[in-house]
Amino acid sequence: MKSNTWNLFPTPVTRFTEVFTAQQLQDINQYLSTLRSGPHSAIDGDGVSSHDETTDIIKSITSSVPDCQDFSDTIQNMLNEYTRTYGLDPVEVTNSWYSVQRPGSRLVTHLHANSIVSCVIYTQTDSDSSRIYFDNPNKMVAYCNQTSHPTDYNFEYFYIQPEVGDVLMFPSWLTHSSRSEHNQSQQRTILSFNARYK
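Predicted model only: the values in this text are computed from it and were never measured. (Residues numbered from 1 in each chain as written. Predicted model: local features only at pLDDT ≥ 70, side-chain atom pairs only at ≥ 80, totals over all residues. Heavy atoms only, no water.)

K.L.:
Please clarify how unusual backbone geometry should be interpreted in this entry.
P.N.:
Negative phi is the rule for most residues except glycine; trans is the rule for most peptide bonds. For Asp67, which is not glycine, the phi dihedral falls at a positive 70 degrees. Considering the arrangement of structural elements, one finds Asp67 in the loop between helix H2 (57-64) and helix H3 (71-86). The residue Asn114 is not glycine, and still its phi comes out positive at about 55 degrees. As for its position among the elements, Asn114 is in the loop between strand E5 (106-107) and strand E6 (117-124). Take Asn114: its relative accessible area is 65%, and that puts it in the exposed class. (Helix = DSSP H or I, 4+ residues; strand = E, 2+ residues; numbered from the N terminus. Buried < 20%, exposed > 50% of the residue type's maximum accessible area, 1.4 Å probe, protein only.)

Written as structure tokens, this is what we have:
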């Protein structure tokens, strides 16, 4: 007997590592501590975000943080690699912000509207930081499957434990959160951005 299985409708989530130096990340975190931020609906509990501010964080870091003059170009290069893999037309950053979560906070399930590709850069995190969970967009998986063991075909969600310097890119329509997991690290700091077609 012969068989052939097609992996239909995969969802590309890309993890870039070793992109920024430890010094760059330290300088970025120091710079972020000087900026305005406030509560945001995507963070439940003790956390803040600059999402509602007007500052474009990526441009601001590129122009203000020592040794980060190529920051915007580095971001664009990663976007170009991601869209080539995905088979999309080129995109560019449209808005960017930072968020800080403290102990007991939780990332609420959400997606990024009016965007094609979204990204999160972990500038400060540790083993106590909450994971990021991506939900399977095929909701029929939970309805139809009585599974004997987990495989790529039947999981309801996939999680990633972030490490300092990790860059994650994913389709903006892909819902994500920390589910019921609360952050336990003293400071879990991220940069995020959305990108649309040029």
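Right, picking up where we left off after that structure.
K.L.:
It is not clear to me how H2 should be interpreted in this structure. Could you clarify?
P.N.:
An α-helix turns once per 3.6 residues; consequently, residues spaced three or four apart project the same way. Listed in full, the buried residues belonging to H2 are Ile57, Ile58, Ser60, Ile61 and Thr62. Lining the buried residues of H2 we find helix H1 (22-32), H3, strand E4 (91-101) and strand E11 (188-197). (Contact = heavy atoms within 4.5 Å.)

K.L.:
How should the pairing of E11 be read in this particular structure?
P.N.:
On a regular strand, each side chain points to the face opposite its neighbour's, so the side chains alternate between the two faces of the sheet. The element E11 is largely enclosed, with a buried count of eight among its ten residues. Pairing of E4 with E11, which is carried by ten bridges, proceeds in the antiparallel orientation. What sits directly across from Val100, in E11, is Thr189. With seven bridges connecting them, E6 and E11 associate as antiparallel partners. Across the sheet, Gln124 pairs through a bridge with Thr189, a residue of E11. (Pairing = 2+ DSSP bridges.)

K.L.:
What is the right way to read H1 from this model?
P.N.:
Of the positions making up H1, those classed as buried are Gln24, Leu25, Ile28, Asn29, Tyr31 and Leu32. Buried positions in H1, seen along its axis, are confined to an arc of 160 degrees and lie on one side of it. Structural note: H1 exposes Ala22, Gln26 and Gln30 on the side pointing more than 90 degrees away from its buried face. Of the surrounding elements, those touching the buried residues of H1 are H2, H3, E4, E6 and E11. (Arc of directions from axis to C-beta.)

K.L.:
Would you mind going over the environment of Gln101 with me for this structure?
P.N.:
The topology assignment puts Gln101 in strand E4. Between the C-alpha atom of Gln101 and that of Ile190, which follows or precedes it by 89 residues, the distance is 8.8 Å. In contact with Gln101, not counting residues within four places along its chain, are Ile43, Asp46, Gly47, Arg106, Leu107, Ser130, Asn183, Ser185, Gln186, Gln187 and Arg188. A polar contact of 3.1 Å, which involves the side chain of Gln101, links it to the side chain of Ser105. (Polar contact = N/O pair within 3.5 Å; in protein donor to acceptor, adjacent residues only side chain to side chain.)

K.L.:
Just to check I follow, could you spell out the pattern of salt bridges for this structure?
P.N.:
Pairing between side chains of opposite charge can happen when the charged atoms of each approach one another. In this structure the tally under the stated criterion is six salt bridges. Glu181 is the partner of Arg131 in a salt bridge, and the nearest nitrogen-oxygen pair spans 2.9 Å. Residue Arg131 is located in the loop between E6 and strand E7 (132-135), and its partner Glu181 is located in the loop between strand E10 (176-177) and E11; the two are separated by 50 residues in the primary sequence. We classify Arg131 as partly exposed; its relative accessible area is 21%. The partner of Arg179 in a salt bridge is Asp135, with the nearest N and O atoms 3.1 Å apart. Here Arg179, found in the loop between E10 and E11, pairs with Asp135, found in strand E7; they are 44 residues apart in sequence, far enough to count as distant. (Salt bridge = Lys/Arg side-chain N within 4 Å of Asp/Glu carboxyl O.)

K.L.:
Looking at this structure, I do not really get the packing of H2 against H3. What am I missing?
P.N.:
When two helices pack together, their arrangement is given by the angle between the helix axes and the distance between those axes. Between H2 and H3, whose axes approach to 8 Å, the crossing angle comes to 135 degrees. Here H2 lies oblique to H3, going by the angle between them. Note on element contacts: H3 touches H2 through Phe71, Ser72 and Ile75, opposite Ile58, Lys59, Ile61 and Thr62. (Axes fitted to C-alpha atoms, helices over the stretch in contact; angles between N-to-C directions. Parallel < 35°, antiparallel > 145°, perpendicular 65-115°, else oblique.)

K.L.:
How should the nonpolar core be read in this particular structure?
P.N.:
Formed by 28 residues in total, the largest nonpolar core has its most connected members in Ile61, Phe71, Ile75, Ile121 and Leu191. Those elements that provide at least two residues to this core are H1, H2, H3, E4, E6, strand E9 (167-171) and E11. Broken down by element, this core gets its largest block of residues, five residues, from H3. Setting aside residues up to four positions removed in sequence, Ile121 forms contacts with Phe20, Phe71, Ile75, Asp166, Val167, Thr189, Ile190, Leu191 and Phe193. (Core = buried A, V, L, I, M, F, W, Y, C linked by side-chain atoms within 4.5 Å.)

K.L.:
When you look at the pairing of E7 in this model, what are you seeing that I'm missing?
P.N.:
Neither face of E7 is open: one carries Ile132 and Phe134, the other Tyr133 and Asp135, and all of them are buried. One ladder, built from four bridges, connects E7 with strand E8 (residues 157-160); its direction is antiparallel. Opposite Ile132, over in E8, you have Ile160 as the bridge partner. Examined bridge by bridge, E7 and E10 share two bridges and lie antiparallel to one another. Paired with Phe134 across the bridge in E10 is His176.

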